[in-house]
Amino acid sequence: MSLNRLTSRYWVRIGAMAATVLTLHFSAIAQDGAATPAPADGAAAAAPAPAAGGGDAVAGEAVFNANCKQCHAINEQVVGPALRDAHKRWPSDKALTEFIKYPQKTIDGGNAYAKGLYDKYKQYMPNHNFLKDEEIGSVIAWIKAESAKPVTAAAAPAAADGKGGAAADAGAGAGIDSSFLTYILGALVLVLILLIAVLGLITTVLTKYLNNNENLTEADKEYALDAPNYKSFFGSKAFLFVVTFIFTMVVLKAGFDKVYGINVNTGYAPTQPIPFSHKLHAGTYEIDCGYCHTGVYKGKSATIPSVNICLNCHNAIKTGSPNMQKLYKAVENNKPIEWVRVHNLPDLAYFNHSQHTVVGKIECEKCHGAIKEMEVVEQHSTLTMGWCINCHRETVVKTEGNAYYDKLVKLHADKTNKPMTVENIGGLECSKCHY
Amino acid sequence: MSEQNKIYWKGLEELTNEPSFVANAEKEFASVPTAPSASSNTLDGLTGQRRDFLKVMGFGMAAVSLAACETPVKKAIPFLNKPEEYDPSIANYYASSYADGGDYCAVLVKTREGRPIKIEGNKLSSVTQGGTSARVQASILSLYDTERFKAPTVRKKETTWAAFDKEVGEKLAEIAGGNGRIAFVTSSIVSPSFKQALAEWIAKYPSTNVVVYDPVSASGILNANKASFGSAFVPSYYFNKADVIVSFSADFLGTWLSSTEYTKQFAAGRKPTADRPHMNRLYSFEANLSLTGSNADYRAPIKPSAEGVYVAALYNAVASALGRPTVAGGSITAHKDTVAQAAKDLVAAAGKSLVVSGSNDVNVQLLVNGINELLGNYGKTIDINTQLLTRQGQDADLAAFVSQAKSGGVQAVIFNDCNPVFDSALGTELKAALGSVSLKVAIASRPDETTEAVDYVAAAHHYLESWGDAEPRTGYYSLTQPAITKIFDTRQALETVLLWSGNTTDAYKYVSSYWANNVYPRQNSYGSFRDFWNYSLHDGIFEVGAPSLRASTAGAVKDSTGNVVMPEVAGVGPFERASPHTASFSADVNAAANAVDGTYKATSTGTDLVIYESIGLGVGRDANNPWLQEFADPVTRACWDNYITIPQSLAKTWGDFKVNEGDTILANLKVGGTTIKVPVLVQPGQAKDTIGLALGYGREVAGKAAKGVGVNAHKLLTIADGAAKYFVANVTVEKTEEKYRVAHVQTHHTIMGRDIVQGSTLNEWKKNPAAGRHIVEVTTGDKGHVPATSMSLWPGHTRPNHAWGMVVDMSACIGCGACTIACQVENNVPVVGKEEVLNRREMHWIRIDRYYSSSYKEGDSLSMKEEAAENPQVVFQPLMCQHCNNAPCETVCPVAATTHSTEGLNQMAYNRCIGTRYCANNCPYKVRRFNWFSYPQNAENFPLNFPTLSDLGRMVLNPDVTVRARGVMEKCSMCVQRLQEGKLNAKKESRRPIDGEIVTACAAACSAGAIIFGDMNDAESKIAQLMDAESGKRNYQLLSEINTNPSVSYLTKIRNTADKA
């Protein structure tokens, strides 16, 4: 029965997979057939937003984060050179723009500085001709603005971020250190053993003394010198009851633990078709999670990146690696890569990433663990209902600046001084996750 | 009201208190075996034996523990190259057009992971204005029909397109070369680009004769307008402009012409408010109790063979009142008062009235035109310049084609999107005549009787896979765009026709170039075709002369950042843009009246058979759609069958024959030389000496859901004087002793004798806005009489954030049932099949209870009550989970599987439910549904439940809603998945949800606007304002005496009758 229930939505998934394959073909139609800005939401007949104007440093940061950040930083050399004062290394913004759009053309075209870059880094930067001139202009404006800032100030936020992360980690384990408790317990056990030894010694000495004492009555003698009756002790009902009770409890505990552990796959780290390293990409290169997992701030699924996202960089980087060949093969054969799903939430539970990342402003690491240190991704959390519920009980709702919550905050403040948790606004109700 | 009482009853068995009805009504669940049928007692592989049970249980436990050892490896397969606008788990909506046979609807297609999963109405269209019908809602399932054509076939063998085109092309060329006659038989073509393609075809094959026919034709109207105004057309009707409407057997709310549009228009005049205390008045003259008749303020049951006389009588009454010459005939004996009153009302509302007729007789339609002309309705409620193009077929053309084919005069025939072998009056003759035709081709997506009779089938797309366009009304264009790539090796009809005409353009390019050349020049809002095309595709529609949608966003709903959430669309109704009436009325009304006088008799002795289009199946094109098969007819409340509806008077002559809980008999129906055996239903409101039979059933080649369901009524039709006749006079019905069961749901889930339908008349309501309300008071020791709702056992729940609620306006609800199917699609509600419906186990989350009502005086005998029941009034009451705030179900659940949320929802956690069914037994509204079987995967016992039986069918499931397993209870969740999504969108944009942004599937599907959904805590919301305005007036909660305090409430049914309620 329970299997039935568990598999019910699984079908929908199968359907979805089939549909995905179908859609692959469809997307092709939509592109060469329609090539229209596919009418996304028919109900909303809003006019398209005007294109962002050029030269805006704020807009430039967004463009930079979306397109450049995975290979470049202002102060450090990442995959490509550090960009501090990059604009000063080119005769004009126009030349730089041209280079950003068509690097290989510029390099092969004989530009000495560009050639020098190529000799140093031994690879071409991919063409960025999909960016509009105004967008590149805004990136350059941003680089100029960043370059104007002193080095330390610019580097500070990054460091602060790192520290912030560490502080959070420490915060999670706040209270008494568990190893400290172990030491105390060990010491206590040692003291107890010593006590037993001392008591045994005293008994021996006293028995010896009584044996040598002749002034005892018969009754006292019998009492004092009689050997302890172990048989009657171990055979006593009380002893048997206690032992049976402890045994039953231990078995039950083990049993329950085992049963509760069914389908709890903490630590599940399957081998993937391509040994993608989160440690390298998310850790070392600090690529934003949303760059690859495009749905994580948008929808229910964080989504596994499609091959075209990998190729954004890997059409130029490490192209010789056998693993990259798998990417190129996938494109050639028109066959997507079949990754193994690591986090499997039961189909009966509805979980939406964007609710937690955008509205709840929860860091990915909160549920996914130290993903930036994982060579191979593994399931960090139990993903059980108890785990969800517990977090909903403890987590304070991020209400600042969100007009949706204004009314609730006010109502909550009228009642109590405690912070408003997810539980307080109905976060434990069945239909929030099960429907 | 004082000496008159009113009783509401769901069926005759309730009125007469049949013992079996009473026994069943007291139980929530019928005492029927848990095995689905006597012949098969296996349930999911269990044989019901104790030992087997133990074995299976043992195995199950072992399997579970084994399965627990290893988690199955699941794959996550992303795109190779993800399209920019597409994100998994986020729905995309594409505007498109549904055009199936003569039905048209502008729609939005919701797609998830690239598969269409839901149809919504497109509010931008001023033709259908966001309305949908049950058939439009269900059309999405036909896309995933596993029995569709999967490739072109030659003599039933699948082949490749290359081979197919070569073979057909050579034969066509040969026939055309020899100047052989080619017939292109098609349903009405609403696509202008398809019409152009057909012109190319004719250029290539000049010996082609195009035969347009409609299964339910409007030849009568077309020809009457030809005689009246010089050209054959169907005008546009505006029921919203009419204060008085008279319908002669035109079921314009159910099936007539463009019923979705007319529903929208009609319902607009059925919502009296304090600001606008006004309603339209509907008179209906008809034989069957149709949806229109059910909603009529005055209904006169007449024989179809007398219809012409009544039309003439009305003509004369109107003419004499206006001092104009009368015509011959029109002397009636019955319903004189009704005709006189209708005439009086019409004359009083001249220019703001409308007379329509469903008759296919040109002379009757001429008289109807004459009445409208007398009243000056042309140019006001009827627009002859804007013409409805969904019915263009002339029955005479079909008859001519068939006789030509019979005589061997046709060498090739192409059937496009039509099934004349089944759904025309000449089906049998046509099938025989096809033998002499050397090339027989059908362009069809699904197997049917016609494709069975031809040699070549060019497998066509479903509309959700096609590019195309539609012009349902002159100047009102809309586009069809694919929401999924083709599933099978099919090709859309447009491309097939083009290719054989020697044009290799694909459908997309062809349609867009048609628009560039013909539609783009008709506007001046866009400077480039690219913009025009993109925006038209986005909106789905383009209406000539309409103000640009992008310019008219002033009244639109905007979010805090100024983005338009919902564009303003009200107030740009088509009528305001209609050009003035120019053509003059020039028909010879006297000649028509004389002809009518000769054909129709006011009284006659024989029994008339009325053949009508059913609301669910229509003419049977979608018969293989199990959702529609299980959709209970709004009036008879029967499903999975057609049957003859007989009046009580006939049943009496059969020894007081009664239909009880679906138990009925078969009768022999003799029409001319044909005898067919059909089940019988006794139908209150059926005119004396008439019987009714629905079209669309009796499909022989359609698929497993349609096979063997009902009898074919099309073959009883006749074509006389160039028009198909939808009634047959002088038929005989003889009862047989053969027993039969019709699955009708009308008496299931009965709320016995409780006062849940409340209503009044417009005049009473004007005097007292709370007229018809029944306020229950209880006597207390200290406070005296207080309303029952003021006392409660429970502390109640707080709803600090949202308070989701619904108001159902029973005055506006016409009972069409679009909500039922919309809910079924949205919430993965299973199909259970006829057997299980008979066992009272249908699963629909929202049902529309149909109550008959009749007045009686104290002391009336049962037979007098029954007499009153011969022409009862009808009330429709949609009933879904009421989301009680003092919910009886919640308190009895032993495992707390059903609980209350802080947003006013009664939530159901399927995985917690252990199936005690206490909740259903304790629900006073009887809205809970139990999964007796694993309907989704039990192919052996529920073979018709095909959405969930195959991978393809499962693509229709809504991925946000759990598919329920056997043994759990389910019920309306108020589309909690939509609430959650809407709230999340609001949170992400740091704002409160905007009223109208979140709607339930039923409210979105409702053409009549009878279901108003929203947040009752939001003072700006429509629902809060409505409840505020109607509080203590029309607004009431069902069974308020038990103070369940539901979140769903109702508005009283108001009729626009002069006297009785």
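What you see is a predicted model, and the numbers here were worked out from it, not measured in a lab. (Residues numbered from 1 in each chain as written. Chains lettered and ligands numbered in written order. Predicted model: local features only at pLDDT ≥ 70, side-chain atom pairs only at ≥ 80, totals over all residues.)

Caption draft 1: Spatial organisation of the overall build of chain A. In terms of helices and strands, chain A carries 19 helices and one strand. Across the 435 residues that make up chain A, the buried fraction comes to 20%. At a minimum sequence separation of 6, the contacts of chain A that also span at least 24 residues come to 67%. (Helix = DSSP H or I, 4+ residues; strand = E, 2+ residues; numbered from the N terminus. Buried ≥ 20, exposed ≤ 12 C-beta atoms within 10 Å, placed from the backbone. Contact = placed C-beta atoms within 7 Å.)

Caption draft 2: Region of the structure containing the overall build of chain B. When helices and strands are tallied, chain B shows 31 helices and 47 strands. On C-alpha atoms alone, chain B measures out to a radius of gyration of 29 Å, which is about the 31 Å that the 2.2 N^0.38 rule sets for 1061 residues. Expressed along its principal axes, the backbone C-alpha trace of chain B runs to roughly 95 × 80 × 65 Å. (Rg over C-alpha atoms; globule rule 2.2 N^0.38 Å.)

Caption draft 3: Spotlight on the sheet that holds strand β26 (residues 644-646) of chain B. Residue and element names in this part refer to chain B. Ordered in space as β24-β29-β26-β28-β27-β32, the six strands form a closed barrel in which the pairing is mixed. The mean inter-strand angle of the sheet, taken between neighbouring strand axes irrespective of direction, is 45°. Relative to strand β28 (residues 674-682), β26 runs parallel, the two being bridged by three bridges. Within β28, the position partnered with I646 by the bridge is V682. (Pairing = 2+ DSSP bridges. Axes fitted to C-alpha atoms, helices over the stretch in contact; angles between N-to-C directions.)

Caption draft 4: Representation of the domain arrangement of chain B within the structure. Residues and elements named next belong to chain B. Taken domain by domain, chain B consists of domain 1 (153-216 + 393-572), domain 2 (231-388), domain 3 (605-744) and domain 4 (762-845 + 880-1055). With centres defined by C-alpha atoms, the gap from domain 1 to domain 3 works out at 32 Å. Listed per partner, the contact involves 17 residues of domain 1 and 17 residues of domain 3. At the level of secondary structure, the elements contributing two or more residues to the side of domain 1 that touches domain 3 comprise α13 (395-406), α14 (420-423), α15 (427-433) and α16 (449-453). The element best represented in the side of domain 1 that touches domain 3 is α13, accounting for three residues. (Domains from an automatic or database assignment.)

Caption draft 5: View of the nonpolar core. In this structure, B:Y310, B:L314, B:L367 and B:I611 are the most contacted members of the largest nonpolar core, which totals 318 residues. Considering every element that reaches this core, the biggest residue donor is helix α10 (residues 307-322) of chain B, with 10 residues. Every residue in contact with B:I611, bar those within four places of it in the chain, is listed here: B:L693, B:L695, B:A713, B:L716, B:L717, B:Y726 and B:F727. A:V63, A:F64, A:L83 and A:I140 belong to the second largest nonpolar core, which has 16 residues in total. (Core = buried A, V, L, I, M, F, W, Y, C linked by C-beta atoms within 7 Å.)

Caption draft 6: Geometry of helix α17 (residues 493-500) of chain B. Residue and element names in this part refer to chain B. Across the eight residues that make up α17, a large majority, seven, are buried. Taken together, the buried positions of α17 are A493, L494, E495, T496, V497, L498 and W500. Looking one or two places after α17, you find G502, whose phi comes out positive at around 90°.

Caption draft 7: Region of interest: helix α5 (residues 161-177) of chain B. Residue and element names in this part refer to chain B. In this model α5 runs 23 Å from its N-terminal to its C-terminal C-alpha over 17 residues, within 8% of the 24 Å that 1.5 Å per residue would give. Within α5, the full set of buried residues consists of F164, V168 and L172. Summarising the axial view, the buried residues of α5 lie within an arc of 45°, below the 170-degree limit, and thus occupy one face. Along α5, the residues that are exposed and aim more than 90 degrees away from the buried face are A162, A163, K166, E170 and G177. (Expected span 1.5 Å × (residues − 1). Arc of directions from axis to C-beta.)

Caption draft 8: Structural view of the packing of α10(B) against helix α12 (residues 362-374) of chain B. All names here are of chain B. Put simply, α10 and α12 touch, their axes get as near as 10 Å, and they point 20° apart. What the angle tells us is that α10 and α12 run roughly parallel. The two elements α10 and α12 meet at a crossing, and its hand is left-handed. Contact residues: E307, G308, V311, A312, L314, Y315, V318, A319 and L322 in α10; V364, L367, V368, G370, I371 and L374 in α12. Residues belonging to the contact of α10 with α12 are distributed by class as follows: 12 nonpolar, two polar and one charged. (Parallel < 35°, antiparallel > 145°, perpendicular 65-115°, else oblique. Left-handed = near helix turned anticlockwise from the far one by under 90°. Nonpolar A, V, L, I, M, F, W, Y, C, P; charged D, E, K, R; others polar.)

Caption draft 9: Inspection of the domain arrangement of chain A at higher detail. Structurally, chain A comprises domain 1 (57-161), domain 2 (181-260) and domain 3 (278-432). Using only C-alpha atoms to locate each centre, domain 1 of chain A and domain 2 of chain A end up separated by 77 Å.

Caption draft 10: Representation of the pairing of strand β19 (residues 468-473) of chain B within the structure. All names here are of chain B. Burial runs high along β19: six of the six residues are buried. Sheet topology places β19 next to strand β20 (residues 476-480); four bridges connect them, and they run antiparallel. Following the sheet pairing, A470 is matched in β20 by S478. In textbook terms, the turn of a hairpin is the stretch between consecutive antiparallel strands, and for β19 and β20 this stretch comprises two residues, one of which, G475, has a positive phi near 90°.

Caption draft 11: Molecular detail of the sheet that holds strand β11 (residues 244-248) of chain B. Residues and elements named next belong to chain B. In space, the four strands of this open sheet follow the order β13-β12-β11-β14, with parallel pairing throughout. Strand pairing shows two members of the sheet lacking a second neighbour, β13 (298-301) and β14 (353-357), which therefore form its edges. Each adjacent strand pair in this sheet contributes to an overall mean axis angle of 10°, direction not counted. Direction of pairing for β11 relative to β14: parallel, over a ladder of five bridges. Of the residues in β14, the one forming a bridge with V246 is V355. Packing against the sheet, α10 makes contact with β11, β12 (281-286) and β14, and its axis sits at approximately 150° to β11. Most of the contacts of helix α11 (residues 336-348) go to β11, to which it runs at about 140°, and overall it touches β11, β12, β13 and β14.

Caption draft 12: Structural detail: unusual backbone geometry. Residues and elements named next belong to chain B. We note that N179 has phi near 55°; this positive angle belongs to a residue other than glycine. Tracing the backbone through its elements, the reader meets N179 in the loop between α5 and β8 (182-186). Note on N179: 10 C-beta atoms within 10 Å, which makes it exposed. Phi is positive for N1043, which is not a glycine, with a value near 50°.

Caption draft 13: Examining the packing of helix α3 (residues 93-101) of chain A against helix α6 (residues 133-148) of chain A more closely. All names here are of chain A. It is at 10 Å that the axes of α3 and α6 come closest, and there the two elements cross at 115°. Looking at the two axes, α3 sits roughly perpendicular to α6. In the crossing of α3 with α6, the sense of the turn from one axis to the other is right-handed. Contacts from D93, L96, T97, I100 and K101 in α3 reach D133, I136, G137 and I140 in α6.

Caption draft 14: How the structure looks around the confidence of the model for chain B. Residue and element names in this part refer to chain B. Averaged over chain B, the pLDDT score is 88; the fraction of residues at 70 or greater is 91%. Ranking the elements of chain B by mean pLDDT puts strand β23 (residues 564-566) last with 46 and β11 first with 97. Confidence over residues 36-43 falls short of pLDDT 50; this stretch has 14 contacts with residues more than four positions distant or in other chains. The low-confidence segment residues 551-557, where pLDDT is below 50, has 15 contacts with residues more than four positions distant or belonging to other chains. Among the prediction metrics, the complex's ipTM stands at 0.85, with pTM recorded as 0.84. (pLDDT = per-residue confidence, 0-100.)

Caption draft 15: Region of interest: the environment of B:K735. Residue and element names in this part refer to chain B. Structurally, the position occupied by K735 is in strand β32 (residues 727-741). Its 17 C-beta neighbours within 10 Å are what place K735 among the partly exposed residues. Each C-alpha atom of the pair K735 and Y98 lies 42 Å from the other, and the pair is 637 residues apart in sequence. Leaving out residues up to four positions away in the same chain, K735 has contacts with W654, F657, I665 and A667.

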